[in-house]
Amino acid sequence: AAGVIQSPRHLIKEKRETATLKCYPIPRHDTVYWYQQGPGQDPQFLISFYEKMQSDKGSIPDRFSAQQFSDYHSELNMSSLELGDSALYFCASSPYGTDETQYFGPGTRLLVL
Amino acid sequence: AQSVSQHNHHVILSEAASLELGCNYSYGGTVNLFWYVQYPGQHLQLLLKYFSGDPLVKGIKGFEAEFIKSKFSFNLRKPSVQWSDTAEYFCAVNARSGGGADGLTFGKGTHLIIQP
């Protein structure tokens, strides 16, 4: 079965640089979620989108922004990167209205030097 | 806002032992409940979920969980663990919204080690 696709899988950036992470949901899933998991930590919800509109907002820093496009893929834009942004960033998707289960992608491992 | 508490941060068992991982949540409304497993270096995989109906739910790999509403609990069980069950286990909840775009609140996780 098709799964959530995230790119890139690994990313190395310098402090103060910007990064863009991409997420392609499971086909026919119209809702996308972003999570941040620091080393040895539980995943923290950042933001979610349904039909290109922001649906729920968690602990997303102001330096981060995200959007969902007409093909339902989503991008997380991170600016002025800090050392503390080093983490695993997961995207999840779900089919709105029929099944509230979130299916997770493999994640993007971001290292900020 | 919801919160999730997992009682055991580290659990070490021998193969064939029985497993029970505790999970309690705090929320005033109706919730969806999940258990996810994360094998070393891998992404979160759904073990099982509870939305409504029979409070005893069965998931993959022989896992099951029981929702006890009066105790705000959703404990994970497996009668006989295997070495391959070594992983991090997360309990998670979100508010039941009727549509489904609410973010999940995770517990701190339980690191389970199964000794051969």
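Located above this text is the structure these notes cover.
Below: a short report on this structure. (Residues numbered from 1 in each chain as written. Chains lettered and ligands numbered in written order. Predicted model: local features only at pLDDT ≥ 70, side-chain atom pairs only at ≥ 80, totals over all residues. Heavy atoms only, no water.)

### Side note on the pairing of strand β1 (residues 3-6) of chain B
All names here are of chain B. Burial along β1 is one-sided: Val 4 and Gln 6 are buried, and none of Ser 3 and Ser 5, which face the opposite way, are. As defined by bridge partners, β1 adjoins strand β4 (residues 23-26) across four bridges and the pair is classed as antiparallel. Bridge pairing in β4 links Ser 3 to Ser 26. (Buried < 20%, exposed > 50% of the residue type's maximum accessible area, 1.4 Å probe, protein only. Helix = DSSP H or I, 4+ residues; strand = E, 2+ residues; numbered from the N terminus. Pairing = 2+ DSSP bridges.)

### Focus: the sheet that holds strand β7 (residues 64-68) of chain A
All names here are of chain A. Here four strands make up an open sheet; going across it, the order is β1-β3-β8-β7 and the pairing antiparallel. This sheet does not close on itself; its edge strands, each paired only once, are β1 (5-7) and β7. The mean inter-strand angle of the sheet, taken between neighbouring strand axes irrespective of direction, is 15 degrees. Judged from the three bridges that link them, β1 and strand β3 (residues 19-24) form a sheet pairing that is antiparallel. (Axes fitted to C-alpha atoms, helices over the stretch in contact; angles between N-to-C directions.)

### Brief notes about the pairing of strand β6 (residues 53-57) of chain A
Looking down a regular strand, the side chains alternate between one sheet face and the other. Bridge analysis of strand β5 (residues 44-50) of chain A against β6(A) gives four bridges, and the strand direction is antiparallel. Residue pairing across strands places A:Phe49 opposite A:Gln54, the latter belonging to β6(A).

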